[in-house]
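# Fold and geometry: a report
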Amino acid sequence: KYARLFQLTDGDRDCYISRSEYMGVFARSGLGQSMVAQICELVGAEPAGRLTFGKFVGAMHLINWSLAGRPLPLALPPDLLNYISSLGAASAASPADLASQ
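Residues numbered from 1 in each chain as written. Predicted model: local features only at pLDDT ≥ 70, side-chain atom pairs only at ≥ 80, totals over all residues. Heavy atoms only, no water.

## A few points about the overall build of the protein chain
If you tally the helices and strands in the protein chain, you get six helices and zero strands. Listed N to C, the secondary structure of the protein chain is α-α-α-α-α-α in terms of helices and strands. Sequence separation of 24 or more characterises 62% of the internal contacts of the protein chain that already satisfy a separation of 6 or more. (Helix = DSSP H or I, 4+ residues; strand = E, 2+ residues; numbered from the N terminus. Contact = heavy atoms within 4.5 Å.)

Structure below.
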């Protein structure tokens, strides 16, 4: 669902999106910067602010969660954490593979 968007956002094709790359995408949601920052913290953005594909998917899920009027969890739900981890596994399909499906 989010593979194509990740690919389009990853301008340098390094399989990470930088804070400047994802903030443009996340800003379109209409959520405030503090909410977006909280979401990035929940999914575990790297200290440099980069997101992997799995973490990007997790962030998009939490954005949709917030837009549906649900409060953000204090920690990632185990099923979402497991899903994010599975997207980062060596055996997982790449965003390019998923986008072409």
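Here the narrative resumes.
## A closer look at the side chain of Asp10
Relative to the assigned elements, Asp10 resides in the loop between helix H1 (3-9) and helix H2 (19-27). With residues up to four places along the chain from it excluded, the contact list for Asp10 reads Cys15, Tyr16, Ile17 and Glu21.

## Re the packing of aromatic side chains
For the structure shown, the criterion picks out four aromatic pairs. Geometrically, the ring pair formed by Tyr22 and Phe26 is tilted, given 5.1 Å between the ring centres and 35° between the ring planes. Taken together, the residues span about one helical turn, with Tyr22 and Phe26 both in helix H2 at a distance of four residues. Within the aromatic cluster, the residues linked to one another by ring pairs are Phe6, Tyr22, Phe26, Phe53 and Phe56. The aromatic ring of Tyr16 is capped on one face by Arg50, whose charged end is 3.6 Å from the ring centroid. In this structure, Arg70 packs its charged tip against the face of Trp65, placed 5.0 Å from the ring centre. (Phe/Tyr/Trp six-rings, centres within 6.5 Å; stacked < 30°, edge-to-face > 60°. Lys NZ or Arg CZ within 6 Å of the ring centre and 35° of its normal.)

## Observations concerning H2
For H2, every residue scored as buried is listed here: Tyr22, Met23, Val25 and Phe26. The arc enclosing the buried residues of H2, seen along the axis, measures out at 165°, which places them on a common side. Of the exposed residues in H2, the ones pointing more than 90 degrees away from its buried face are Ser20 and Ala27. Tucked into the core, H2 has its buried residues touching H1, helix H3 (33-43) and helix H4 (53-67). (Buried < 20%, exposed > 50% of the residue type's maximum accessible area, 1.4 Å probe, protein only. Arc of directions from axis to C-beta.)

## Some details on H4
An ideal rise of 1.5 Å per residue puts 21 Å on 15 residues; H4 measures up with 21 Å between its terminal C-alpha atoms. Here H4 has its buried residues at Phe53, Gly54, Phe56, Val57, Gly58, Ala59, Met60, Leu62, Ile63 and Ser66. Count one or two residues on from H4 and you reach Gly69, which has phi positive near 90°. (Expected span 1.5 Å × (residues − 1).)

## Details of the packing of H2 against H3
Contact geometry for H2 and H3: axes closest at 11 Å, N-to-C directions at 125°. Viewed along their axes, H2 and H3 adopt a mutual orientation that is oblique. As H2 packs across H3, the resulting crossing turns out to be right-handed. Touching Tyr22, Met23 and Phe26 of H2 are Gln33, Val36 and Cys40, all from H3. Residue classes in the contact of H2 with H3 are distributed as five nonpolar, one polar and no charged. (Axes fitted to C-alpha atoms, helices over the stretch in contact; angles between N-to-C directions. Parallel < 35°, antiparallel > 145°, perpendicular 65-115°, else oblique. Left-handed = near helix turned anticlockwise from the far one by under 90°. Nonpolar A, V, L, I, M, F, W, Y, C, P; charged D, E, K, R; others polar.)

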